[in-house]
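Residue-level structure breakdown
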Amino acid sequence: MAKLSKTTRTVIIAAAVLLVLGAVLLVLMMTGSDKKEETSSGTSESVSTGEDSSSSDNGTSSDSEKTAITDKEQENVLKLEVVNETGSFSFSRQQREVSTTDDDGNVSTSTEYYWVSPELEGVDHNDSTIGSFVRCMAGLSASSVVEEDAQDLEKYGLATPASEVKISFDDGTSADICFGIRNPAANNYVYCLTKGSNDVMQVSYYSAGSAFYDIKSFVNLVLTEAYNANNANELDYLTIERKDLDDPIQIEYMYDIAEESEKEDSVITTFNTHRITSPITVELDTTSGQSVCYGLYSLSAASCEYIRPTEQEIADAGLDDPFCKVSFKYGGKARVLLLGNEIRTTSGEDENAVSSVTAYYAMFEGGDIVYSISTSNAPWYTLQVQDIMSRRPISPYIYTIDTLTVTTPDGEYVFTVSGDSDDHSFTCGDTVLNDSSFKSFYQHLITTVGEELYFSDEKPEPYITLLFKYREEYYDTYGRSEDEIVFYQSDDRKNIVSVNGDILYKVRQIYTQRLLENLDALFNGGEIKLDW
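Model, not experiment: these values are computed from the prediction.

**A look at the pattern of salt bridges**
Inspection of every chain in the model, using the stated rule, returns 19 salt bridges. Among the salt bridges present, the one from K243 reaches D321, with a minimum N-O distance of 3.1 Å. Separated by 78 residues along the polypeptide, K243 in the loop between strand 11 (235-242) and strand 12 (249-253) and D321 in the loop between helix 7 (311-316) and strand 16 (324-330) bring together distant segments of the chain. A network of salt bridges, in which partner residues are shared, links D71, K72 and D171.

This is the structure in structure tokens:
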């Protein structure tokens, strides 16, 4: 026999090794699936029957492992009765006919179910919260059975359940479910069982959580109607009375302006909708002022504190003698919101604890519910008039002016505006003024901005006075025939500004300096400068 070379022997050995490995792999493939199925079967059995399984401990399960506790639809629930640590209450099914109209104008009618509670008689229900609770109880499933025929119910909080819910259905059947504590290993699950059984299950707390609620949690917390742009319910007025205010803050809707804006030859000079009428007369700031008004639309409470409160509960909330009264009217409905004591929240512990005001007690005058309203939803409790007033004193349209009188240390100038935007003239005595120059000069006059709010009874000698006298149509719109702005000199390189006798602002002295320069330029052909 011929002797094999070293290379040939190596190839033969490698081939033999590969053949053996292939055989082993084939055996593993043929037997592995059986072992996998056996392991899977063992795990599944552990999940469904034993509380010691890891799947039960962490609350996870597949849909196939879920156990139906109730299997009805929301509309099948006739009654829901709840007994928990806060007391007892119930919800009963009611129905109403609802009409809808499609795009073609066809009207159809359907039956709509809703649920009411005798404990909330006369109180606006939160239909969404109640409907969600009913729906969850009608079709409640357990994620897993934790322990069959459990002898120690105490460890699940089911010896004395924290809540018991009885659901009665329209087919004559019912279910009585007891809820215990939340799973310590998976807090988003709560233990439960059906009454008469010791089989402990766990269900999602997000489905069953309402079973632990107080009846107050089912009160509607939306206190006022939303603004409807298609059928506008304007805020007619808003009056804020507070113990720390000498005079109330009064805000009124400018109906005269709204009516005038509908006319083609409108003389409207503002885009604002409301004005302050007390303690001063001035327009609202278009941002902060409007938010104070529109905050009354869809006003929401944070929580319901008392239903039909006692005199003592009203006193404890500071609502027998409220700190703040907010009177308002819109949509033809006048209401008075009372705001009482502050509600404080403490964060941190011991010496690091910080207490802050987060809400106020509130109720409507004549109402029988005490709410809490967050500070962000109740700006009327702290605002000052200077927070919401416009920083621009007046801004009349140039063609609403009859005469403009400017009084300076050098003399008095009376300007007359004749005509309209298509055909007009600007004169001072016998002098016809340059069209664009006077418009620029006028623009400077009405861009006075109160850079700093300033309130004082002191009235030094006037430095510069602007007196705007209006045409008849302006008076018909705004109810004013004239406006007067007076600038007083101050010792801090600023000018004090009064509007119609009320000192309101301070402005940098450069403004009046530029005014005098522009006045000179108007008559002597110089450049009108708008920067200051």
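Don't stop here, the text continues.
**Quick notes on helix 11 (residues 509-524)**
When the terminal C-alpha atoms of helix 11 are compared, their 23 Å separation across 16 residues agrees well with the 22 Å that a helix rising 1.5 Å per residue should span. Residues of helix 11 that are buried: Y511, T512, R514, L515, N518, L519, A521 and L522. In the segment just after helix 11, G525 is the residue with positive phi, at about 80°.

**A word on the environment of F218**
Along the chain, F218 falls in the loop between helix 4 (205-208) and strand 11. For the pair F218 and S117, spaced 101 residues apart in sequence, the C-alpha separation works out to 9.2 Å. Apart from the residues lying within four places of it in its own chain, the contact partners of F218 are F89, F91, L120, H125, N126, T129, I130, F133, S210 and Y213.

**Description of the sheet that holds strand 21 (residues 411-419)**
Paired through backbone hydrogen bonds, the strands of a sheet run either parallel or antiparallel to each other. One open sheet accounts for nine strands, arranged 23-22-21-20-25-26-27-28-24; its pairing is antiparallel. The two strands at the open ends of the sheet, each matched to only one other strand, are strand 23 (431-432) and strand 24 (452-453). Here strand 20 (residues 401-408) runs beside strand 25 (residues 462-470); their pairing, made up of six bridges, is antiparallel. When the sheet's bridge partners are listed, T403 is paired in strand 25 with K469. Its contacts with the sheet put helix 9 (residues 435-445) on strand 20, strand 21, strand 22 (424-428) and strand 25, and the angle it makes with strand 22 is roughly 75°.

**Some remarks on helix 3 (residues 127-138)**
Spanning 12 residues, helix 3 covers 16 Å between terminal C-alpha atoms, matching the ideal 16 Å at 1.5 Å per step. Among the residues making up helix 3, those that are buried are I130, G131, F133, V134, C136, M137 and A138. Buried residues in helix 3 make contact with strand 2 (77-84), strand 3 (87-101), strand 4 (107-116), strand 7 (163-169), strand 8 (174-182) and helix 4.

**Let's talk about unusual backbone geometry**
Backbone torsion omega between S278 and P279 reads 5°, so that peptide bond is classified as cis. Following the sequence through the fold, P279 ends up in the loop between strand 13 (274-278) and strand 14 (282-283). Notably, R493 is not glycine yet its phi reads approximately 60°, a positive angle. Among the structural elements, R493 can be located in the loop between strand 26 (482-489) and strand 27 (494-499). Although it is not a glycine, N500 adopts a positive phi angle of roughly 50°. Note that N500 resides in the loop between strand 27 and strand 28 (502-508). Taking relative accessible area as the criterion, N500 reaches 40% and is therefore assigned partly exposed.

Analysis parameters
Residues numbered from 1 in each chain as written. Predicted model: local features only at pLDDT ≥ 70, side-chain atom pairs only at ≥ 80, totals over all residues. Heavy atoms only, no water. Salt bridge = Lys/Arg side-chain N within 4 Å of Asp/Glu carboxyl O. Helix = DSSP H or I, 4+ residues; strand = E, 2+ residues; numbered from the N terminus. Expected span 1.5 Å × (residues − 1). Buried < 20%, exposed > 50% of the residue type's maximum accessible area, 1.4 Å probe, protein only. Contact = heavy atoms within 4.5 Å. Pairing = 2+ DSSP bridges. Axes fitted to C-alpha atoms, helices over the stretch in contact; angles between N-to-C directions.

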